[in-house]
Amino acid sequence: MQRSEPVTDTSNFSARRGEPLVVVDHVEKHYGQFHALKDVSLSVDRGEVVVVIGPSGSGKSTLCRTINRLETFTSGSIRIDGEELPKEGKALAALRADVGMVFQSFNLFAHLSVLDNVTLGPIKVKRQSKADAERAARVLLERVGVAQQAEKLPGQLSGGQQQRVAIARALAMNPKVMLFDEPTSALDPEMINEVLDVMVGLAQDGMTMIVVTHEMGFARKAADRVVFMADGQVVEEAVPEQFFTAPTSARAKDFLSKLITH
Amino acid sequence: MGIITDNLDLWSSTLLGTLVLFVAGGLLALVLGTMVGAMRVSPIPVARAVGTFYVNTIRNTPLTLVFFAFAFALPPLLGLRLTGDVSLTLAICALGIYTATYVAETIRSGINTVPVGQAEAARALGLTFGQVMTLVVLPQAFRSVIPPMMSVFIALLKNTTVAAGFSVVNLGSVRSYLSERGENQFIAIVWVMVVFVALVLLLSWAQRALENRWKVAR
């Protein structure tokens, strides 16, 4: 993918690299009887790229969604840039504006054009003028390679294009951290790479990222750290090379061995 | 045709009365119903409770009873003198408040057709509940409920005739006036029917136009 300038010159990232930006502290979550997250703690530094992997039902997507409170949690705390996650209302909305989220099913607003999808947040949340927001949106759409589709509706785009628009939509808010919840799991194989390329580019630009994925290649290439989850717990954390070549836990060894046989 | 041409004054004033009741009552129903529909899915328990109570009481009450309440019970309470304008306003309120319950339920079913991911994506951008509803969820909900919503408005159009019983002039009053002028009541009723069929056909045409315009949305 062609490299381009960072999103805007007022970007939140790049400065103060290395401080904890997202701190998940002893978080527990129950769905009725089901214990979805068990005493999960995780700290992600500014500029760090953390890839969360694990089998289905391990709680990795739940953790990702809990970080911007799309899911509530039972106990524990989550802090973003030093601020405790508010429970609801305007304060929560304001905090979410600083946390970009990319979903497995894209979730582009079906009734709005690609351009309007990207400008909605900046105009309505950040109170930018329409002209400024559209200018910035076109730069972002160019960056993710879908500038030609700006006037189309999401339904007229391929899955890979939709997901790249979704990334642009999240970036338009100039977030401190980006959450990716299995961003390539709903894509045809040939479209996975076009999305991963955009994500690798973001990682190289210093964006703080938490990525839930099954793409081990991306984890090896772009992650600073791999977090392995199973049964609602963080089982193992390591740099990618160490995790993939010498996992310490039996659960991780088992998981990795199943990947390689296919 | 003599029954029409000889009584043009009557037909035009009653048709105007029906249209005023329909348009004003419809606007009130649409605004109020949309608000109540949104309340019923809101995260605030009090709002949900108020919305549910409103729908369950007013929708379960016969329209004539709602009219009785507005035409006879309310004016003494508010110290209103029943002039023509006051009666018309009260009739519009009765129709709007009654129809709003149906609009609310239709909107709510439309909201349920919008994938939950749409609202999640909107919340993740930092939009407030009100913005999520007005900018993302309701526009898509409206598109998916055009046919049942139009049925609600067709019912409203026909319900306007109930106002005739409460001295608000509309097409429902035509028969009695024409009868006083010595016209054949049966023919009068047939012509009123023809006018209603024509008006409803207009609404059906509007429905098709809206559906065609919005069908690319998903």
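The rules behind each value
- Starting from 1, residues in each chain are numbered consecutively following that chain's sequence as written.
- Here the convention is simple: chains get letters from A, ligands get numbers from 1, in the order in which they are written.
- For this predicted model, a pLDDT threshold of at least 70 governs which residues receive local features, and a threshold of 80 or more governs which side-chain atom pairs are given and counted, while totals over whole chains, interfaces and linings are taken from all residues.
- To obtain the side-chain values, all non-hydrogen atoms of the structure were used and water was disregarded.
- Nonpolar core, defined: a set of buried Ala, Val, Leu, Ile, Met, Phe, Trp, Tyr and Cys residues in which side-chain atoms within 4.5 Å join the residues together.
- Using a 1.4 Å probe on the protein chains alone, a residue whose accessible area is under 20% of its type maximum counts as buried, one over 50% counts as exposed, and one in between counts as partly exposed.
- The way it works is that DSSP assigns letters per residue, a run of H or I at least four long becomes a helix, a run of E at least two long becomes a strand, and they are numbered from the N terminus.
- Contacts are residue-level and defined by heavy atoms, with any inter-residue pair within 4.5 Å sufficient.
- The axes used here are C-alpha line fits, helices contributing only the stretch in contact, and every angle between their N-to-C directions lies in the interval 0 to 180 degrees.
- Roughly parallel refers to an angle under 35 degrees, roughly antiparallel to one over 145, roughly perpendicular to one between 65 and 115, and oblique to any angle outside these ranges.
- For any pair of crossing helices, the crossing counts as left-handed if the nearer helix is rotated counterclockwise from the farther one by less than a right angle, and right-handed if it is rotated clockwise.
- Lys, Arg, Asp and Glu make up the charged group, whereas Ala, Val, Leu, Ile, Met, Phe, Trp, Tyr, Cys and Pro make up the nonpolar group; the residues left over, Gly among them, are polar.
- When two parts are put together, the accessible area they lose, computed with a 1.4 Å probe and summed over both, is reported as buried area.
- Note on definitions: salt bridges are taken to be side-chain nitrogens of Lys or Arg within 4 Å of carboxyl oxygens of Asp or Glu.
- By the criterion applied in these results, polar contacts are pairs of N or O atoms within 3.5 Å in which, for protein atoms, one can donate a hydrogen and the other can accept it, and in which residues neighboring in sequence qualify only through two side-chain atoms.
- At least two DSSP bridges between two strands are needed for those strands to be called paired.
- Here, the term right-handed applies to a crossover whose path from the first strand over the helix to the second runs clockwise when the strands point away from the viewer.

Peer 1: Let's hear about the nonpolar core: which residues, and what values?
Peer 2: Val22(A), Val24(A), Leu63(A), Ile67(A), Phe109(A), Leu179(A) and Phe67(B) are the most contacted members of the largest nonpolar core, which totals 96 residues. Per-element tally for this core: the top contributor is helix α5 (residues 84-113) of chain B, with twelve residues. Apart from the residues lying within four places of it in its own chain, the contact partners of Leu179(A) are Cys64(A), Ile67(A), Asn68(A), Val99(A), Gly100(A), Met101(A), Val102(A) and Ile210(A). Within the second largest apolar cluster, 52 residues are counted, among which are Ile53(A), Ala170(A), Ala172(A) and Met191(A).

Peer 1: Explain the packing of helix α6 (residues 116-124) of chain B against helix α7 (residues 129-144) of chain B to me, and be specific about the residues and the numbers.
Peer 2: All names here are of chain B. Between α6 and α7, the least distance of the axes is 10 Å, while the angle of their chain directions is 160 degrees. One finds that α6 runs roughly antiparallel with respect to α7. Judged by the sense of rotation from one axis to the other, the crossing of α6 with α7 is right-handed. Side by side, α6 and α7 meet where Gln-118, Ala-119, Ala-122 and Arg-123 of the first sit next to Val-132, Val-136, Val-137 and Gln-140 of the second. Class assignment of the residues belonging to the contact of α6 with α7 gives a composition of five nonpolar, two polar and one charged.

Peer 1: Go over the environment of Ala124(B), please, and point to the residues and values.
Peer 2: One can find Ala124(B) in helix α6. Aside from chain neighbours lying at most four places away, what touches Ala124(B) is Asn68(A), Arg96(A), Ala97(A), Val99(A), Met101(A) and Phe103(A).

Peer 1: Let's hear about the interface of chain B and chain A: which residues, and what values?
Peer 2: Between chain B and chain A, the residue contacts involve 20 residues of the former and 24 residues of the latter. Between chain B and chain A lies a buried interface of about 1800 Å² when both sides are counted; carbon and sulfur atoms form 63% of it. Inspection of the chain B/chain A interface yields one salt bridge. Note that Glu120(B) and Arg65(A) form a salt bridge whose closest N and O atoms lie 2.5 Å from each other. Our count for the contact surface shared by chain B and chain A stands at seven residue pairs in polar contact (both at pLDDT 80 or more). Secondary-structure elements contributing two or more residues to the side of chain B that touches chain A are α6 and α7 of chain B.

Peer 1: Which residues make up the pattern of salt bridges, and what values go with them?
Peer 2: This model, assessed by the stated rule, comprises 21 salt bridges over all chains. Taking the shortest distance from any N to any O, the salt bridge between Asp9(B) and Arg181(B) comes out at 3.2 Å. Here the residue Asp9(B) occupies a position in helix α2 (residues 8-39), and Arg181(B) occupies one in the loop between α9 (174-180) and α10 (185-214), the gap between them amounting to 172 residues. By relative accessible area, which is 47% here, Asp9(B) ends up partly exposed. Exposure remark for Arg181(B): the relative accessible area of 41% places this residue in the partly exposed category. Connected via shared salt-bridge partners are Glu19(A), Arg46(A), Asp81(A), Asp98(A) and Lys176(A).

Peer 1: Which residues make up the sheet that holds strand β3 (residues 49-53) of chain A, and what are the values?
Peer 2: In a beta sheet, neighbouring strands pair by backbone hydrogen bonds and run either parallel or antiparallel. All names here are of chain A. Taken in spatial order, the six strands make up an open sheet running β6-β7-β8-β3-β9-β10, and their pairing is mixed. With partners counted over all chains shown, the strands left at the sheet margins are β6 (99-102) and β10 (233-238), one partner each. Across the sheet, the mean angle from the axis of one strand to that of its neighbour is 20 degrees, orientation sign disregarded. Pairing of β3 with strand β8 (residues 208-212) involves four bridges; the strand directions are parallel. Opposite Val-50, over in β8, you have Ile-210 as the bridge partner. Strand contacts of helix α5 (residues 159-171): β6 and β7 (177-181), with the helix running at about 170 degrees to β6, the strand carrying the most contacts. Here helix α6 (residues 189-204) sits on the sheet in contact with β3, β7 and β8, set at roughly 145 degrees to β8.

Peer 1: An account of the pairing of strand β1 (residues 20-31) of chain A is needed here, citing residue identities and associated values.
Peer 2: All names here are of chain A. By the bridge criterion, eight bridges tie β1 to strand β2 (residues 34-45) in an arrangement that is antiparallel. Following the sheet pairing, His-30 is matched in β2 by His-35. Connecting the antiparallel pair β1 and β2 is a turn made up of two residues, with Gly-32 showing a positive phi of about 60 degrees. Sheet topology places β1 next to strand β4 (residues 75-80); five bridges connect them, and they run antiparallel. The residue bridging Glu-28 from the neighbouring strand is Ser-75, located in β4.

Peer 1: I'd like a rundown of the packing of helix α3 (residues 114-124) of chain A against helix α4 (residues 130-143) of chain A, residues and numbers included.
Peer 2: Residues and elements named next belong to chain A. It is the contact of α3 with α4, at a shortest axis distance of 9 Å, that shows an interaxial angle of 125 degrees. Relative to α4, α3 is oriented oblique. Relative to α4, the crossing made by α3 is right-handed. From α3, Val-114, Leu-115, Val-118, Thr-119, Pro-122 and Ile-123 reach across to α4, where they touch Lys-130, Ala-133, Glu-134, Ala-137, Arg-138 and Leu-141.

Peer 1: I'd love a proper account of the environment of Leu141(A), names of residues and values included.
Peer 2: Residue and element names in this part refer to chain A. By the element assignment, Leu-141 lies in helix α4. Using a relative accessible area of 0% as the deciding quantity, one classes Leu-141 as buried. If near-sequence neighbours (up to four positions away) are discounted, Leu-141 is found in contact with Val-114, Leu-115, Val-118, Val-146, Ala-147, Ala-150, Val-165 and Ala-168.

Peer 1: Break down the pairing of β8(A) for me, with residues and values.
Peer 2: All names here are of chain A. Most of β8 is tucked away, with five of its five residues classed as buried. The alternating pattern of β8 places Thr-208, Ile-210 and Val-212 and Met-209 and Val-211 on opposite faces, both of which are buried. One ladder, built from five bridges, connects β7 with β8; its direction is parallel. Each bridged residue has a counterpart across the sheet, and for Leu-179 the counterpart in β8 is Ile-210. Considered for its hand, the β-α-β crossover made up of β7, α6 and β8 is right-handed.

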